[in-house]
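Summary of structural features
Here is what each chain is made of, one letter per residue.
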Amino acid sequence: MVDNRLLVPLSETPTVRQTVGYAVQTGLEDADELEVHLVVALPYDAEVPEGEQQISEAKQLLSKATRWAAEDAGNADVTLETDVLGTDEYLFGPRDYADVFGSYADEHDVDRIVLDPEYKPGVTSSILQPLERELDAVGLPYDEAAVERPARHERLIGDGTERFDRYFALFWISFGFYLVLGDPTYWFDLVTGVAVAGIVSFSLANVTFSFPLHRVESPLRTLRFAIYIPYLLWEIVRANVAISYVILRPSMPIEPVVTRVNARVRSGLPLLALANSITLTPGTLTVRANDQRLIVHTLIPSAREDLFEGSLERAVRFVFNGRAAARIPTPQERGDAEIVGGDEL
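What you are looking at is a predicted structure, and each value in this text was computed from that prediction instead of being measured.

1. Focus on the pairing of strand 4 (residues 112–115)
- Residues of strand 4 alternate between two faces, with R112 and V114 on one and I113 and L115 on the opposite face, all of them buried.
- For strand 1 (residues 4–9) and strand 4, the ladder comprises two bridges, and the chain directions are parallel. Bridging across to strand 4, L7 finds its partner in I113.

2. Concerning a nonpolar patch on the surface
- Together, Y186, W187, F188 and V191 make up an exposed nonpolar region whose accessible area comes to about 460 Å².
- Checked against the element boundaries, W187 lands in helix 6 (residues 187–208).
- Overall, the relative accessible area of 58% leaves W187 in the exposed class.

3. Quick notes on the confidence of the model for the protein
- Of all residues in the protein, 83% attain a pLDDT of 70 or more, and the chain-wide mean is 81.
- When mean pLDDT is taken per element in the protein, helix 9 (residues 301–309) scores highest with 91 and helix 5 (residues 160–181) scores lowest with 74.
- For the stretch residues 153–159, pLDDT sits under 50, and the model shows ten contacts to residues farther than four places along the chain or on other chains.

4. Remarks on the side chain of D336
- Considering the arrangement of structural elements, one finds D336 in the loop between helix 10 (311–321) and strand 9 (337–342).
- For D336, a relative accessible area of 7% corresponds to the buried category.
- Side-chain polar atoms of D336 contact the side chain of R264, separated by 3.1 Å.

5. Digging into the layout of surface pockets
- Empty space within the second largest pocket amounts to approximately 270 Å³.
- Lining the second largest pocket are 22 residues, with A303, D306, L307, S311 and L312 sitting closest to its centre.
- Going through the elements one at a time, helix 7 (217–248), helix 8 (269–280), helix 9 and helix 10 are the ones with two or more residues in the lining of the second largest pocket.
- Here the lining of the second largest pocket is built from residues that sort into 13 nonpolar, five polar and four charged.

6. Some thoughts on the pattern of salt bridges
- Using the criterion set out here, one finds 13 salt bridges in the structure.
- In this structure, E71 engages R17 in a salt bridge whose closest nitrogen and oxygen atoms are separated by 3.6 Å. One end of the pair, E71, is in helix 2 (residues 49–73); the other, R17, is in helix 1 (residues 16–30), and 54 residues separate them in sequence.
- Relative accessible area serves as the criterion here: at 29%, R17 is assigned to the partly exposed category.
- Notably, a salt bridge pairs R17 with D72, separated by 2.8 Å at the nearest N-O pair. Note that R17 is positioned in helix 1 and D72 in helix 2, a separation of 55 residues in sequence.
- In the salt-bridge network here, residues are joined through shared partners; they are R264, E313, R334 and D336.

Thresholds applied
- Residues numbered from 1 in each chain as written.
- Predicted model: local features only at pLDDT ≥ 70, side-chain atom pairs only at ≥ 80, totals over all residues.
- Heavy atoms only, no water.
- Buried < 20%, exposed > 50% of the residue type's maximum accessible area, 1.4 Å probe, protein only.
- Helix = DSSP H or I, 4+ residues; strand = E, 2+ residues; numbered from the N terminus.
- Pairing = 2+ DSSP bridges.
- Patch = residues over 30% accessible without salt bridge, like charges linked within 9 Å, V, L, I, M, F, W, Y side chains within 5 Å.
- Areas by Shrake-Rupley, 256 points an atom, 1.4 Å probe, with all protein chains shown as cover.
- Salt bridge = Lys/Arg side-chain N within 4 Å of Asp/Glu carboxyl O.
- pLDDT = per-residue confidence, 0-100.
- Contact = heavy atoms within 4.5 Å.
- Polar contact = N/O pair within 3.5 Å; in protein donor to acceptor, adjacent residues only side chain to side chain.
- 1 Å grid on protein atoms, 1.4 Å probe; cavity = no way out; pocket = protein on both sides within 12 Å on 5 of 7 lines; lining within 4 Å.
- Points joined across faces, edges and corners; volume = space filled by probe spheres on them.
- Nonpolar A, V, L, I, M, F, W, Y, C, P; charged D, E, K, R; others polar.

In structure tokens, the structure reads:
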């Protein structure tokens, strides 16, 4: 009978190798026989366009972690189990991950979880601190691996090519924005725009982008964003007409409700773009955006229906992930939209 069972959630971090070693070492200190469950929890279910790639990357990581654990175990009696979690559901924030880990731990009689301090379960930033609170809430024992954490310099360093890409991108973004505010046909605005964009790119390029700029994907995203702007303007005009029609009717048939939409876009810039696009469209107002979960106030039924149909969500996915990523069920079809407050409750 196995004396000790550990659950080790994995993600691609600088300290994942050390975490696996820590789990094996501390587990063998407490028992002669050890069972280590190495798992990867996916933020997307298998049916979305990202699902296949996520599963492939998860299996590669599990394969590496299995080799690491075997090396650290040596001749000790250690059983290794691997699994990919979240393939049949959509995980949003720390509570969802804690529930998944708790269910897995109950099913496999896991004694405790060993957490990587840099754990990033498919999101843009580590969530260890809130995850710890959620694990406490579900009553699951955990231990943070004692590892050497790397200094965080990623946003301030880069090779010469990457720095040039940042300067170049920020220069044209700043220059374009300056001309939108000014007159692109006036020579003085062109000259001052170049000067201002140069100053902005030189001063802020190293701290503006938190992700590397891909030489192919970044221009494609810019082109897709240019296509997205007219579509967004059309949605704004269409929503204005709908709101005007309601306001001009003597009965004023408004139905203000608060809705929750679990958007299948990554947190960070894509989520920000979607939340602001929803707010710019009359009849809808994004109240809160957190962990890909949007709280939106809708004023009229047609605005709520448009939100639940997910047209803006698909458009934002198109901008950041391409045409294939836009082929996705609506929030209503996949059960990711609900009314949480208002007259219809």
